Amino acid sequence: MTAKDDLFVLIKSLSKTEKAYFKKYTSIHSSEGNQLYLNLFDVINELGVYDESVLKKKLEHLGIKQLSVYKNYLYKIILRSQVQYTRTHTENHYLEELLLEIEVLMAKNLFSQCTSLIHKAKNIAKENENFASLLKVIQYEIRFIKQSPSVKNWQEMYENAANDEIEALKKL
């Protein structure tokens, strides 16, 4: 494998779903010039074996003169789209987003809107044995209990959260 075929290898490593996501991502974040990148993507994707001369021949009609510049930019776009894809398709990234949403709602004193997010985040953290994030969720839960004026059974809830915190710390 050489630096010249890194883009080819990256494109070939993508699943059908990831390729579809890349195309959607590019269309959302697109300008008129991005159509060239999509065309380059499609042409490289169709190649069975990487051959730069074959690639240049297939791209003649597009007017791409500095192929290395286009390939480099396409490589970066694909990586950005895959980071976004991974962010939205893994539980830990989803958990991070939930924690940020909880933080936003708590900063705005919208405690009643935090309840379901806290429970959801807590369950995900437990299921994935992500004890560091579980501790963060429990801290939000305790803060919620302390600051929310509408919490009934606050002592019992606080004791349960404190016990959960102790258990998470033991597992860390």
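1. Let's talk about the overall build of the protein
And then number 1: Scanning the protein from N- to C-terminus turns up 9 helices and 0 strands.
And then number 2: Put simply, the protein runs from its N terminus to its C terminus through helices and strands in the order α-α-α-α-α-α-α-α-α.
And then number 3: A compact globule built from 172 residues would reach a C-alpha radius of gyration of about 16 Å, whereas the protein, at 24 Å, exceeds it by more than 25%.
And then number 4: Taken over the C-alpha atoms alone, the protein extends approximately 75 × 35 × 20 Å along its principal axes.

2. Considerations on the packing of aromatic side chains
And then number 1: By the definition in use, this model includes 7 aromatic pairs.
And then number 2: Between Y37 and Y73, the aromatic rings sit 4.7 Å apart at their centres with planes inclined by 50 degrees, giving tilted as the arrangement. Residue Y37 is found in helix α3 (residues 34-46), and its partner Y73 is found in helix α5 (residues 67-89); the two are separated by 36 residues along the sequence.
And then number 3: Cluster of aromatic residues (ring-pair linked, three or more members): Y21, Y25 and Y85.

3. Notes on the side chain of S81
And then number 1: With respect to the secondary-structure elements, S81 resides in helix α5.
And then number 2: There is a polar contact of 2.8 Å between the side chain of S81 and the backbone oxygen of I78.
And then number 3: The contact partners of S81, leaving out residues within four places of it in the chain, are Y21, F22 and Y25.

4. Some remarks on unusual backbone geometry
And then number 1: Of note in the backbone geometry, N109 takes a positive phi value of approximately 55 degrees without being a glycine.
And then number 2: Mapped onto the elements of the fold, N109 is located in the loop between α6 (91-107) and α7 (115-127).
And then number 3: The phi dihedral of E129 is positive, around 50 degrees, even though this residue is not glycine.
And then number 4: Structurally, E129 can be placed in the loop between α7 and α8 (131-147).

5. A closer look at the packing of α3 against helix α4 (residues 52-59)
To describe two helices that pack against each other, one gives the angle between their axes and the distance between the axes.
And then number 1: Following both chains from N to C, one finds α3 and α4 inclined at 135 degrees, their axes separated by 10 Å at the closest point. Taken together, the axis directions place α3 and α4 in an arrangement best described as oblique. The element α3 and its partner α4 pack so that their crossing is right-handed. Along its contact with α3, which presents L40, V43 and I44, the element α4 presents L55, K58 and L59.
And then number 2: A class-by-class count of the residues in the contact of α3 with α4 yields 5 nonpolar, no polar and 1 charged.

6. So, the environment of L95
And then number 1: Along the chain, the position of L95 falls in helix α6.
And then number 2: The exposure class of L95 is buried, given its relative accessible area of 0%.
And then number 3: Through-space distance from the C-alpha of L95 to that of E167 is 19 Å; in sequence the pair is 72 residues apart.
And then number 4: Here L95 is in contact with A121, I124, A125, N130 and S133, once residues within four sequence places are set aside.

Rules of the game
- Residue positions are given per chain, counted from 1 along the sequence in the order it is written.
- It should be noted that, the model being predicted, local features are given only for residues of pLDDT at least 70 and side-chain atom pairs only at 80 or more, the latter also being counted only at that level, while totals for whole chains, interfaces and linings use all residues.
- Here the side-chain values reflect all heavy atoms present in the structure, with hydrogen atoms and water set aside.
- In this description a helix means any DSSP run of H or I spanning at least four residues, a strand means any run of E spanning at least two, and both kinds are numbered starting from the N terminus.
- To get the radius of gyration, use the C-alpha atoms; to get the globule rule, take the number of residues to the power 0.38 and multiply by 2.2 Å.
- Each pair of aromatic rings taken from Phe, Tyr and Trp, with Trp reduced to its six-membered ring, is defined by centres within 6.5 Å and is described as stacked if the planes are under 30 degrees apart, edge-to-face if over 60, and tilted in the remaining cases.
- The term polar contact refers here to a pair of N or O atoms within 3.5 Å; inside protein, the definition further demands a hydrogen-donor-capable atom paired with an acceptor-capable atom, and it admits residues adjacent in sequence only when both atoms are side-chain atoms.
- In what follows, a contact means two residues having at least one pair of non-hydrogen atoms within 4.5 Å.
- Only the contacting stretch of a helix is used when fitting its axis, a line to C-alpha atoms as for every element, and angles between N-to-C directions run 0 to 180 degrees.
- An angle below 35 degrees is read as roughly parallel, one above 145 as roughly antiparallel, one from 65 to 115 as roughly perpendicular, and any other as oblique.
- Left-handed describes a crossing whose near helix is turned anticlockwise from the far helix by less than a right angle; the clockwise case is right-handed.
- For this classification, the nonpolar set comprises Ala, Val, Leu, Ile, Met, Phe, Trp, Tyr, Cys and Pro, the charged set comprises Asp, Glu, Lys and Arg, and every other residue, Gly included, is treated as polar.
- Under the scheme applied here, a residue whose accessible area is under 20% of the maximum for its type counts as buried, over 50% as exposed, and between as partly exposed, the area being computed with a 1.4 Å probe on protein chains only.

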